[in-house]
Each structure stands twice: as structure tokens, then as C-alpha cells.
Amino acid sequence: MITNTELEQKGNQFPADIISYKKNVDTLYFETSNGVTLQLTVVRDSVLRFRYTTTSNFDEDFSYAITKYASTGYNHLEITEDKESYIVTTQKLICTINKLDLKISLFDALDKTLISQDELGFHWEESFQYGTDIVKMSKVSHDGESYFGLGDKPGSLNLKGKRYENWVTDSYAYGKDSDPIYKAIPFYTGLHHAKAYGIFFDNTFRAFFDFAQERKKVTSFWAQGGEMNYYFVYGPEMNDVVANYTDLTGKPHQMPALWTLGYHQCKWSYYPESKVTAVAAKFRELQIPCDAIYLDIDYMEGFRCFTWNKEYFPDPKRMVKELMDDGFKTIVIIDPGIKVDKDYSVFQEGLDNDYFCKRADGPYMKGKVWPGECYFPDFTNPKVRDWWSGLFKELIEDIGVKGVWNDMNEPAVMEVPNKTFPNDVRHDYDGNPCSHRKAHNIYGMQMARATYQGLKKFGYPKRPFVITRSAYSGTQRYTSTWTGDNVATWEHLWIANVQAQRMAMSGFSFVGSDIGGFAEQPNGELYARWIQLGVFHPFCRTHSSGDHGEQEPWTFGDEITGIVKKYIELRYQLLPYLYTAFWHHINDGTPILKSLVLYDQADVQTHFRTDEFIYGDKILICPILEAYSKGRRLYLPKGIWFNYWDNMPSEGGKEVWIDADLETLPIFIKEGAIIPKYPIQQYVGEKEFDEITLDVYYKKGKETSTLFDDAHDGYDYTKGRYSLRTLKLTGKKDELIIQQHKSGKFDAAYKTFKLNLIGLPFKISTIQIDNEEIKFEDIKVNGDNTLVVDKEFTELHIMA
Ligand code: GLC
């Protein structure tokens, strides 16, 4: 081989000294003597954007990730310079740009702590394989720094010492060390000296992240093309980092309909109709709550999307209605591959309108998926998304399907080594034509977006429900997600826990795993332990490949059925709590699952914990992850926590042993919490109730809880027809005070709260509601410590 030494020697190239600087409102441009330009935009006081070009031209500024609803604007912006640097100061951050080499340092504006510092900083390498530049960034990894985030990566929560790749990939039966898998979320949080910041590398090309793996003191990220374009998001609280990132890439566009937070039952596949109805009937017979049942690919005619196999499902509309009458919402799968078949209208329409992806040299991109040879819509073309959304008319409007499950949208292609399209496939990319190298990671996201638009259009005024397998940053605006084809093993139960937490800290909270495992079959113990975890994930669905037997709640004998029922019932009781957590999530970007590090970053003991997490803001969950366990050690965060099962308080800030026989999942409630609970229903909306329960956990001191409610579907809540109750608890030695403040115009059907007082350190003798003393002679302290109050009370005093 003839090698060109000239090219080889170039290797990494670096920016030289700054020769010019200009400012345009919120954006600064620094140009170096070797033609590099840094464009620095102050998005907010705590969010700075860095873009680099080596050719004086920036690409068209277009991103699928960034939402048009992102907050912008700052309170303070000052630019100064000294001998070495330019200095940009906002209310939250100080950013210095070195005049000699364009290196960046970022400091907390208040206490001047160094938060992030370029090591080599921006550099690039010419790639003769791709004919473009590989864009690179490296930063100093600080003493004791930890890293979190990055979407669905299946390894330990703390990313330190690991290297990962972002290239969405169909990953049947992946494992702890598999990488990359289904999602590409190029966002991570760094944490050191009790301060957290985030980096969102908004580049859709195949990208890599190294967290002090290759070199101990260095963290780096790079991509095989596109721009070095990243956002620096400052906290210093990790919760704010995640919330600010979520603000940038978007919160879900609406609340989920409450039924979507119920239990879902799925399998590959339930067919024919008699099988579907038998499964549904069994749920009602055993009184195991369930809201949704899924049809996998076999409902279609030869796996053609938007068709029905009339032999298995002779009258889908009738079936869907009958299921609905019994409280079951029908959800169907829709894949991207459209069968090549000239007698198939969807194929023909796509062809006539030139909607399918093509190879660089002209022919259609042809790949094999379930239906055999397929063409694939170019979802990055707005016209194609529009067409696609229109295809849902019949399913949603006429037949009454309530949700759509998008699968294989990496896009997955069978029988080819790279499992997807070749790199040269062309995409519209919303008017920025490009190859698959750039569009691959967002293809599935754009499919889910088009599906979402269809459901929104034809389901209106109901809220849309979509599930996707592949995702890029921002996909959370349109859809929920699951973690793909896992396996029925204990290791995968561990992975499911990690993935759900990691997704939540990556801005994507509406997530769950295939409960029990997709491939192979769990035994009863594993299924029970998985349900115990799964009911505390925002999306809760049992799914399995069906190759290895049944996986319904009643499959594993009476004991397991009883346990599964108990936990699904608990999920239904806690629906108002979960719904309220979603409300916080869609308003503030707060993740619904909070890993302990996110909950209490100041406590260094949380930095390497993986198993425990906070569900919402008041409930600690720690799954049992090993066979035959009768309990486990877990870390209770600082503060006092009540064991949910026996109401015994424990002091946190330490590891404790907790007994947990097969019936028991360790659950702890934060002291001072007020947890709302519904009566058990078989599906959302089955019952109208006049009362809901509030579990009130005593605390000496103050704690605030919230309760959100609305019509549970539709958009009235966006016009003020919601109710948000703030419940302030103040506990003293001999008194417990609850103050309630309500906002919003919605009035729920229930009239009263049943207060269940837990951990009161005194015997009640007097109760005052809104300044009036009420008779309460027969309240039983330490027994059934409950009382019923009108839901509109404003101040309640419970006294010794
Ligand atoms: C893929 C999906 C799985 C689905 C199957 C058949 O493997 O990940 O959930 O059941 O395809 O559609």
C-alpha cells in the first residue's frame, strides 16, 4: 500500500490564537489565525451553546432535538478581557476563552468554583474514510468527578471509567456490556465538588463518549461528522441540570391520559380475536387491573402496516369496541418497513409520491424486515410525515385504536451485518439533504413524531399515546418508550432498573421495560420481582416474545398471581401520585424517577449507588434483584423514612438490612409526605369515587406535597380546568397542621379525603378544621388512625 505521509502526519488539528472577536446580541464569534471560528451563544444564564467551524462557514442551524418552546433569555451578560482571555459573565456562569488556543473554562459565577475546563478542547481530524472531519472535544476530568446520563446504556449508573457509542441499533437480547443499543441521547451530567453541570452534544452522527476510560484525567466526546456543537447546562443541582436540558429538548407536549399509566398487557402475539378476548376476560375474572392490550405484528395481513388479517380479526371495529366497553384500550404495532407489493395501497401511495428513502445513486433503499422486502418512508421529509400521520385515520377514528407502538425504527434491517441502512441512503432532513450517516440516529424519532401527529389529529380531543423503541434527544416530546428486547434473567432485571433511571435523568421519563423479559421465560419468582419493580416505572407493560410460553400475571401459579395482583393494585392506588409526578415533569422537566445521586448529590455515598431510586419525590424503591433473596441491604438517603409495610420509621444516611420475602418489595416513604391514593379499580375510570385517601406521614418540621388532578384525558387542563392542591404539613411535638392551597378551576367528583395518619407521636384529643373544633372522641390512636374531612378544607389542626 502506498501511504501518504503528509496526510498521516496531520492527525489532530487545533485552533490557533484568536485574531478577531465580535458580538451580535447574545452571540459571540471568536476567530483564530488558522481559520477556526467559535460561536458562543448565551441561551440562558445557566445555558451556553458552543459551536465550532474550521471552514468559516457553519452548517444550516437546524436541530431535531431542540424545541421551539425552549426558554431563552438571561438576566446578565458582560464581556470583558484580560491579557490571556475573553471573559463572558452571566448571572450563573463565568466563561473564559483563552486567546492563545481557544480553550474554554467555566466557573460558578457566585463562588468562582471551576466547573469545567477544556483539556485539549476542540480539535478535529480529517477522515479520509468519510471525506469529512471527525470533530472532537476533550475536557479535564476533575478529582472525584462522576458522570451520569446518556439514555439507555445498560451498565452501572455512574459512567466513570466507561466508553460509549451513540448509534441506535436493534439489539435483541443485549447485555450489560452491549453498546450501542436502541437509543442515542448525547447528554450527560458531570458532578464534582457537589456541583453538577450537563453537556448536550447535539450532533446526530455516530458519536462516542469517553469518561476517563482511556486517560484517567480526561473526558472526551467526538463524532464522525457534522459540527462540534454542544450546550453547557449548569445546575449546580443535578435536578436543575436535567430540568434545563429537558426544557431545551422539550417536555412531553401534553399530560399522558391517565389510563396510559395503568397496567398494559402485551405479547408477540395475541391472535386470533378469541385469544385477545380470553386474555382480557381473565383479567376481569381474576380482578387484576389492566387498561391496555396490545396487538403485535400478527394482526396485520402479511405484516403490511395499516391492514388487518381478516381471518384472525374479522371485525376489528367490533372487537375494539367490545374491549373498550370492558375498559381495555387496544394498542397496535406499526413498523417503518412497507412491504414491496404493488397491490398494497400504502406501498403504492408511497411510490407514487416519491416518499421512500433512496440510495445515493438513485434506486430505492430495499431491506428485509418482517414482511419480506420493504421500502422505508423518509420520515425526515415533512410531506412524508404528513402522509404517514394521515394513514392513521382508519385505525384511530374508525376502528377506535387508542395507542400506537412504533418498533424496528432504528431502522432495523434483517440479514445485513450492520442491521440498518447503508450509510449512503439519502434523507431530506427537513430541507437539509444528507446521508444516513447524519439521519440514522433521528430516523426513529421522526417516525414516532409522525405517528404522534396522526394520533393527535384523529384521536382529538383525546390525548395521543405512542411508544417507540428508537429515540434521540427530544423524542420525549412525542412519545413514551420501552427498553427493547431484554431477556428473562436476573441480570436483565438489574438492567431494567438502571435503564429506567438513566432514561429519566436523560430527560426521558415515560419509560419501562418488558416486564418479565422479552426473550426466554422467567420463573414465577423472577416475574414477581420484576412486576414489583415494573409497577414503579412510568410505563408499565408485560411483554414477551411468546416463543417460550405464557407471560400473563396468572401464568406462574396462585402464589405468584396473588403477588402480581397485589402490586398492580398498588400501582392503581398510587395513580394520583404518579399523575402528579407527571404534572411536575411536564411543567418543570423534573424527572419522575430520581436516582439517589439526583436526589441528594451532596451525599457522596449516593454517587456510586445504582439500585435504589426515588419514585416521584417522596417514595423510595429498592428492587430485589437476586433469586431466593429474603431481604437485602439498601442505602436510605438522609432524613427519616417510614417503611411502607409496617410504618416503622428509620433514620437514613446509612445502609440498612431490610427483610423482603417474595411478597415484599422494599418501599420507604419520606417523613412528612402526604401520599394520595385511589381505591382499587380494574381500569382507569371504572369507578366514580366520593373519597380518596391521603396517607399522612408525620414529621417534626415541615414538608410540602402536591396533588394534581384534571379530567384525566383531553386538553381542558391547558385552559385552567385542573386542580393543583398544595398540602403543607407542619409537625410539632403535640400538634400536626396541614394547610391546603388549591389552584385551578377543576373540581373532582370526590368530596372527601380520608386521612390516614401515620407515625403520630401523640394521642389525638382535639381536631380543628378551618378554626372550628370538631368532636372526635372515638379516634383510635395507634389503631385505625384515620379521619374523614371535606376535600376543600384549608387548615387542619390535629392536637394532643
Ligand atoms: C421486536 C420488538 C418486540 C416485538 C417484535 C415483533 O423484536 O422489539 O417488542 O414484539 O419485534 O414485532
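Since the structure is predicted, the reported quantities are computational estimates derived from the model, not experimental observations. (Residues numbered from 1 in each chain as written. Predicted model: local features only at pLDDT ≥ 70, side-chain atom pairs only at ≥ 80, totals over all residues. Heavy atoms only, no water.)

**A look at the overall build of the protein chain**
Note the threshold: Counting from the N terminus, the helices are the DSSP runs of H or I reaching at least four residues and the strands are the DSSP runs of E reaching at least two. Restricting the calculation to C-alpha atoms gives the radius of gyration, and the globule rule supplies 2.2 Å times the number of residues raised to the power 0.38. Only protein chains enter the accessibility calculation, which uses a 1.4 Å probe. A residue is then buried if its area is under 20% of the maximum for its type, exposed if over 50%, and partly exposed in between.
Per the secondary structure count, the protein chain includes 13 helices and 52 strands. On C-alpha atoms alone, the protein chain measures out to a radius of gyration of 27 Å, which is about the 28 Å that the 2.2 N^0.38 rule sets for 800 residues. With respect to the principal axes defined by its C-alpha atoms, the protein chain has extents near 90 × 70 × 50 Å. For the protein chain, with 800 residues in total, the buried portion stands at 64%.

**What about the site of the ligand?**
The following threshold applies: Only a single heavy atom is needed: when it lies within 4 Å of a molecule or strand, its residue is near that molecule or strand. Think of a polar contact as two N or O atoms within 3.5 Å of one another; within protein, one of them needs to be a possible hydrogen donor and the other a possible acceptor, and neighboring residues in sequence only count if both atoms come from side chains. Computed with a 1.4 Å probe, the accessible areas rest on the Shrake-Rupley method; for each residue, only the protein chains presented here act as cover.
Taken together, the residues surrounding the ligand are Trp268, Asp296, Ile297, Ile333, Trp370, Trp405, Asp407, Arg469, Trp482, Asp485, Phe518 and His543. Residue Arg469 places a side-chain N or O atom 2.8 Å away from an oxygen atom belonging to the ligand. Separating an oxygen atom of the ligand from a side-chain N or O atom of Asp485 is a distance of 2.5 Å. Relative to its unbound accessible surface of 310 Å², the ligand loses 98% to contact with the protein.

**Some points on empty space enclosed by the protein**
We apply this condition: Both site types are read off a 1 Å grid over the protein atoms alone. A 1.4 Å probe that fits but cannot get out defines a cavity, while an open set with protein on both sides within 12 Å along at least five of seven lines defines a pocket; lining residues have an atom within 4 Å of a point. Grid points are joined across faces, edges and corners, and a volume is the space filled by probe spheres set on the points. Here the nonpolar group is Ala, Val, Leu, Ile, Met, Phe, Trp, Tyr, Cys and Pro; Asp, Glu, Lys and Arg are the charged ones; every other residue, Gly included, is treated as polar.
As enumerated under the stated definition, the model contains four cavities of 30 Å³ or more in all. Roughly 140 Å³ of internal volume is contained in the largest cavity. Surrounding the largest cavity, 16 residues form its lining, Gln254, Pro464, Tyr478, Thr479 and Phe510 being those nearest its centre. When the residues that make up the lining of the largest cavity are grouped by side-chain class, the tally is 10 nonpolar, five polar and one charged. Each pocket or cavity is described by its volume, and for the second largest cavity that value is around 80 Å³. In this structure, the second largest cavity is lined by Tyr577, Thr580, Ala581, His584, Gly616, Asp617, Lys618, Ile674, Ser705 and Thr706. Looking at the lining of the second largest cavity, the elements with two or more residues in it are α12 (575-588) and β45 (701-709). The leading source of residues in the lining of the second largest cavity is α12, at four residues.

**A few points about the packing of helix α11 (residues 558-573) against α12**
This is how it is decided: Working convention: axes come from line fits to C-alpha atoms, limited for helices to the stretch in contact. Angles between N-to-C directions cover 0 to 180 degrees. Any angle that falls under 35 degrees is termed roughly parallel, while one over 145 is termed roughly antiparallel, one within 65 to 115 roughly perpendicular, and all others oblique. Whether two residues are in contact is decided by their heavy atoms: any pair within 4.5 Å suffices.
Packing of α11 against α12 brings their axes to within 5 Å, and their N-to-C directions diverge by 55°. One way to sum up the angle between α11 and α12 is to call them oblique. Where α11 approaches α12, its residues Arg571, Tyr572 and Gln573 are matched on the opposing element by Leu575, Pro576 and Leu578. Broken down by class, the residue content of the contact of α11 with α12 amounts to four nonpolar, one polar and one charged.

**With respect to the confidence of the model for the protein chain**
This is how the line gets drawn: Values of pLDDT, ranging from 0 to 100, describe the predictor's confidence in every residue of the model.
Here the protein chain averages 96 in pLDDT, while 98% of its residues score no lower than 70. Note on residues 778-782: pLDDT is under 50 here. Beyond four places in sequence and across chains, it has eight contacts.

**A closer look at the environment of Thr752**
Among the structural elements, Thr752 can be located in strand β48 (residues 752-758). Relative accessible area serves as the criterion here: at 19%, Thr752 is assigned to the buried category. For Thr752 and Thr693, which are 59 residues apart along the polypeptide, the C-alpha to C-alpha distance reads 8.6 Å. Residues in contact with Thr752, not counting those within four places in the same chain, are Asp690, Glu691, Ile692, Val788, Val789, Asp790 and Lys791.

**Things to note about the sheet that holds strand β24 (residues 367-369)**
To keep things clear, this is the line we draw: Two strands pair if DSSP finds at least two bridges between them.
If you trace the three strands from one edge of the open sheet to the other, you get β23-β25-β24, paired in antiparallel fashion. The sheet is open, and its two edges are formed by β23 (338-339) and β24, each paired on a single side. Pairing between β23 and strand β25 (residues 372-375): two bridges, direction antiparallel. Bridge pairing in β25 places Lys339 opposite Cys374.

**Digging into the pattern of salt bridges**
It is possible for side chains bearing opposite charge to pair when their charged atoms get close. Note the following rule: When a carboxyl oxygen of Asp or Glu lies within 4 Å of a side-chain nitrogen of Lys or Arg, that pair is called a salt bridge.
Within the structure shown, the criterion is met by 54 salt bridges. The salt bridge partner of Lys217 is Asp143, with a shortest N-O separation of 3.8 Å. Here Lys217, found in the loop between β17 (207-211) and β18 (218-223), pairs with Asp143, found in the loop between β11 (132-140) and β12 (146-149); they are 74 residues apart in sequence, far enough to count as distant. The exposed category is assigned to Lys217, whose relative accessible area is 53%. Glu322 is the partner of Arg318 in a salt bridge, and the nearest nitrogen-oxygen pair spans 3.4 Å. Taken together, the positions of Arg318 and Glu322, both in helix α4 (residues 316-325) and four residues apart, correspond to about one turn of that helix. Given a relative accessible area of 42%, Glu322 falls into the partly exposed group. Several salt bridges share partner residues, and in doing so they unite Asp170, Asp407, Glu410, Arg469 and Asp485 into one network.

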